[in-house]
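Observations on the model geometry
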Amino acid sequence: MVLLDKPSVISTLAQTQVDSFDAPTWRNVLSAFRDANIYNTWPYETAVHPKSRVSRILLSRSGIPVGAVQARIVMLPMLGRGLAFIRWGPMWRPRTEDPNPENLRACLRAIFQEYAVRRKLLVRIIPAIYEDDGAVLESVFLEEGFRRATRKAQRRTLIMDLRPSMEEIRDNLHVKWRAHLKRAMKKDQHVISGHTDDFFQRFESIYSAMRQRKGFVTFTDFQAFRRLQTQLAPAEKALVILCGAGSDYYSGAIVSALGEVGLYLFGATNGRGLENNGSYPAQWCAIERLKDQGCLEYDLNGINPEVNPTTYMFKSRLAGKTRREVRELGEFDACRSEEHTAEL
């Protein structure tokens, strides 16, 4: 990401609207940002966290959106106050201009004033920013009254460049990943994709079998995402990709293509899928579809080489020679007094 050399004075010019939107308006807001993502769609918080309330802020200049915030508001009885939680936000990279840190600054000021000062809430943000972009941006958080939270390790992930042609992307694949893809393409199997619930249902059977085979525990609620899919607008829906033979599907992936960064949400393969390398054509289809939707990069959604070396090898070879292995910038907290800060 290339930042503007000379930030504008957007923080003093931005007009702020709070909680004055309906779903169609917010969908239009989302479409205006390069950093739009599924976690900021209108139904996300209520589908995944049904008991939570949601608050939204829009910042605009001359009627053009330059910043947007979606916060989940939860009460913390043990602390006697509430929390405003912002995941993969704020959105501050409008399609109409190059990334400008002053848009981020304006968002953080609006968040602090609305949630920490006016509503007296604790605030926690997990921004969609990676460390290799973060030297300038972290300073903006600190200057606007936020501090880095240190309790959790930062998420690590791989970023795949989707800007080159498909032929160039194929050449960039690790030689062994490319060989597996070539063998899989020669087999009597095919790939289908769709957005409807029957695709989610087919994928879930593969996903459940994989979890049982591997015996792993996940804190990601698949049923919540399945619920979310039914509530998303057509242009926001995740894409389910399945690979199989005949009517038997044994490998798949679910991806989201909002904004300029495609996101790998779920992947799964069962025993037959392993035998047929079904995950390779499924991921190749995902790359094609993400490029078609205008995504410039593909976030492979988390790695842990020490705990899960097999998945790491698959993803790193897919991302290829030009991959970026990054950490998220981290979590940031804010509140209106040092007394409350100690509670975070």
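Just above, that's the structure.
Residues numbered from 1 in each chain as written. Predicted model: local features only at pLDDT ≥ 70, side-chain atom pairs only at ≥ 80, totals over all residues. Heavy atoms only, no water.

Section: the sheet that holds strand E3 (residues 64-76)
Read across the open sheet, the seven strands follow the order E1-E2-E3-E4-E5-E14-E6; overall the sheet is mixed. Both outer strands of the open sheet, strand E1 (15-18) and strand E6 (147-148), are each paired with one neighbouring strand and no more. (Pairing = 2+ DSSP bridges. Helix = DSSP H or I, 4+ residues; strand = E, 2+ residues; numbered from the N terminus.)

Observations regarding the pattern of salt bridges
If the charged atoms of two oppositely charged side chains come close together, the side chains can form a pair. Going through the model one piece at a time under the given rule, you end up with 24 salt bridges. Of the charged contacts in the structure, one is a salt bridge between Arg 105 and Glu 144, with a shortest N-O distance of 2.8 Å. Residue Arg 105 is found in helix H4 (residues 101-118), and its partner Glu 144 is found in the loop between helix H5 (134-143) and E6; the two are separated by 39 residues along the sequence. The pair Arg 105 / Glu 144 is uniform in exposure class, with both members buried. Notably, a salt bridge pairs Arg 155 with Glu 328, separated by 2.8 Å at the nearest N-O pair. Placement of Arg 155 in the loop between E6 and strand E7 (156-161) and of Glu 328 in the loop between strand E13 (324-327) and strand E14 (332-334) is noted, with a sequence separation of 173 residues between them. You can call Glu 328 buried: its relative accessible area is 8%. (Salt bridge = Lys/Arg side-chain N within 4 Å of Asp/Glu carboxyl O. Buried < 20%, exposed > 50% of the residue type's maximum accessible area, 1.4 Å probe, protein only.)

Brief notes about the environment of Glu 275
Among the structural elements, Glu 275 can be located in helix H10 (residues 271-276). Here Glu 275 falls in the exposed class, since its relative accessible area comes to 62%. Placed 91 residues apart in sequence, Glu 275 and Ala 184 show a C-alpha to C-alpha distance of 9.6 Å.

Here's the deal with the nonpolar core
Nonpolar side chains in soluble globular proteins tend to be buried together. With 33 residues, the main nonpolar core has Tyr 39, Phe 203, Ile 254, Leu 265 and Phe 266 as its most contacted residues. No other element matches the six residues that helix H8 (residues 197-214) contributes to this core. Those residues in contact with Phe 266 that sit more than four places away from it in its chain are Phe 203, Tyr 207, Thr 220, Phe 222, Phe 225, Gly 252, Ala 253 and Ile 254. Counting 30 residues, the second largest nonpolar core, distinct from the first, contains Leu 239, Ala 253, Tyr 298 and Tyr 312. (Core = buried A, V, L, I, M, F, W, Y, C linked by side-chain atoms within 4.5 Å. Contact = heavy atoms within 4.5 Å.)

Structural notes on the pairing of strand E4 (residues 81-87)
In the case of a regular strand, side chains alternate between the two sheet surfaces. Burial analysis of E4 places six of its seven residues in the buried class, which makes it a mostly covered element. A crossover connection joins E4 to the parallel strand E5 (residues 122-126) through H4; in handedness this β-α-β unit is right-handed. (Right-handed = clockwise from strand over helix to strand, strands pointing away.)

Concerning the sheet that holds strand E8 (residues 190-194)
The pairing of strands in a sheet happens through backbone hydrogen bonds and is either parallel or antiparallel. A sheet is described by the order of its strands in space; here seven strands give the open sequence E8-E9-E10-E11-E12-E7-E13, paired in mixed fashion. Of all strands in the sheet, those with a lone pairing partner are E8 and E13, marking the two edges. For this sheet, the mean angle separating the axes of adjacent strands, direction not counted, is 30°. Across the face of the sheet, H8 comes into contact with E8, strand E9 (239-245), strand E10 (248-256) and strand E11 (261-269) while running at roughly 60° to E11. (Axes fitted to C-alpha atoms, helices over the stretch in contact; angles between N-to-C directions.)

Examining unusual backbone geometry
Residue Gly 89 is joined to Pro 90 through a cis peptide bond whose omega torsion reads -5°. By secondary structure assignment, the location of Pro 90 is in the loop between E4 and H4. The phi dihedral of Ser 62 is positive, around 55°, even though this residue is not glycine. Summarising the element assignment, Ser 62 is placed in the loop between strand E2 (53-61) and E3.

Notes on the packing of H4 against H5
One way to put it is that H4 packs onto H5 with a least axis distance of 10 Å and a crossing angle of 25°. It follows from the interaxial angle that H4 and H5 lie roughly parallel. Two packed elements cross with a definite hand, and for H4 against H5 that hand is right-handed. Within the contact between the two elements, H4 uses Pro 101, Leu 104, Arg 105 and Leu 108 and H5 uses Val 136, Leu 137, Val 140, Phe 141 and Glu 143. (Parallel < 35°, antiparallel > 145°, perpendicular 65-115°, else oblique. Left-handed = near helix turned anticlockwise from the far one by under 90°.)

Quick notes on the pairing of E5
Of all five residues in E5, five are buried; the element is thus mostly enclosed. A two-sided burial pattern is seen for E5, the buried positions comprising Leu 122, Arg 124 and Ile 126 on one face and Val 123 and Ile 125 on the other. In this structure, E4 lies alongside E5, joined through five bridges in parallel fashion. Paired with Ala 84 across the strands is Val 123, a residue of E5.

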